[in-house]
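The primary structure of each chain is shown beneath.
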Amino acid sequence: ITVVADATLYYRDDLARRVGGAVRASEMSDARLIAACWALRGADALAWLEGDFALAVWDAARGTLTVARDPVGTRSVY
């Protein structure tokens, strides 16, 4: 899973606990947190993300490229 993101995620500690990471959220980039969520839930991981973000996720195992942004559309995607 490859993630390219311009993101500021909220509730990072809660998100890290959801993915069961042994590393604290403060030691993970937003892109790494997104990748960990994606590995567990695929595109359904977007429902876990709170904050402002624009991202692209290449999931080689599933053969999918997903481009998304937060519901408010704070960050642009080109």
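Preceding this section is the structure that the text describes.
Report on the accompanying structure. Because the structure is predicted, anything quoted here is derived from the model rather than measured.

Regarding the nonpolar core
And step 1. Counting residues in hydrophobic clusters, the biggest one holds 21 residues, and the most contacted among them are Leu 9, Leu 15, Ile 34, Leu 49 and Leu 55.
And step 2. When residues of this core are traced back to their parent elements, those giving at least two are strand S1 (2–9), helix H1 (12–19), helix H2 (30–41) and strand S2 (51–59).
And step 3. Broken down by element, this core gets its largest block of residues, 6 residues, from H2.
And step 4. Those residues in contact with Leu 49 that sit more than four places away from it in its chain are Leu 9, Leu 15, Ile 34 and Leu 55.

Quick word on the pattern of salt bridges
And step 1. The tally for this structure, following the rule as stated, stands at 5 salt bridges.
And step 2. For the salt bridge of Arg 12 with Asp 30, the shortest nitrogen-to-oxygen distance reads 2.3 Å. One end of the pair, Arg 12, is in helix H1; the other, Asp 30, is in helix H2, with 18 residues separating them in the sequence.
And step 3. The residue Arg 75 makes a salt bridge to Asp 52 at a minimum N-O spacing of 2.6 Å. With a gap of 23 residues between them, Arg 75 in the segment after strand S3 (64–69) and Asp 52 in strand S2 connect regions that are remote in the sequence.
And step 4. Overall, the relative accessible area of 17% leaves Arg 75 in the buried class.
And step 5. Through salt bridges with shared partners, a single ionic network connects Asp 6, Asp 52 and Arg 75.

Here we look at the sheet that holds S3
And step 1. On the basis of which strands lie adjacent, the open sheet formed by 3 strands has the order S1-S2-S3 and antiparallel pairing. Here the strands that pair on one side only, and so sit at the sheet edges, are S1 and S3. Between one strand axis and the next, the sheet turns through 10 degrees on average, direction left out of account.
And step 2. Here 8 bridges tie S1 to S2, and the two strands are oriented antiparallel to one another. Across the sheet, residue Asp 6 finds its bridge partner in S2, namely Ala 54.
And step 3. Against the sheet, H2 makes contact with S1, S2 and S3, and its axis sits at roughly 115 degrees relative to S1, the strand it touches most.

About the thresholds
- Residues numbered from 1 in each chain as written.
- Predicted model: local features only at pLDDT ≥ 70, side-chain atom pairs only at ≥ 80, totals over all residues.
- Heavy atoms only, no water.
- Core = buried A, V, L, I, M, F, W, Y, C linked by side-chain atoms within 4.5 Å.
- Buried < 20%, exposed > 50% of the residue type's maximum accessible area, 1.4 Å probe, protein only.
- Helix = DSSP H or I, 4+ residues; strand = E, 2+ residues; numbered from the N terminus.
- Contact = heavy atoms within 4.5 Å.
- Salt bridge = Lys/Arg side-chain N within 4 Å of Asp/Glu carboxyl O.
- Pairing = 2+ DSSP bridges.
- Axes fitted to C-alpha atoms, helices over the stretch in contact; angles between N-to-C directions.

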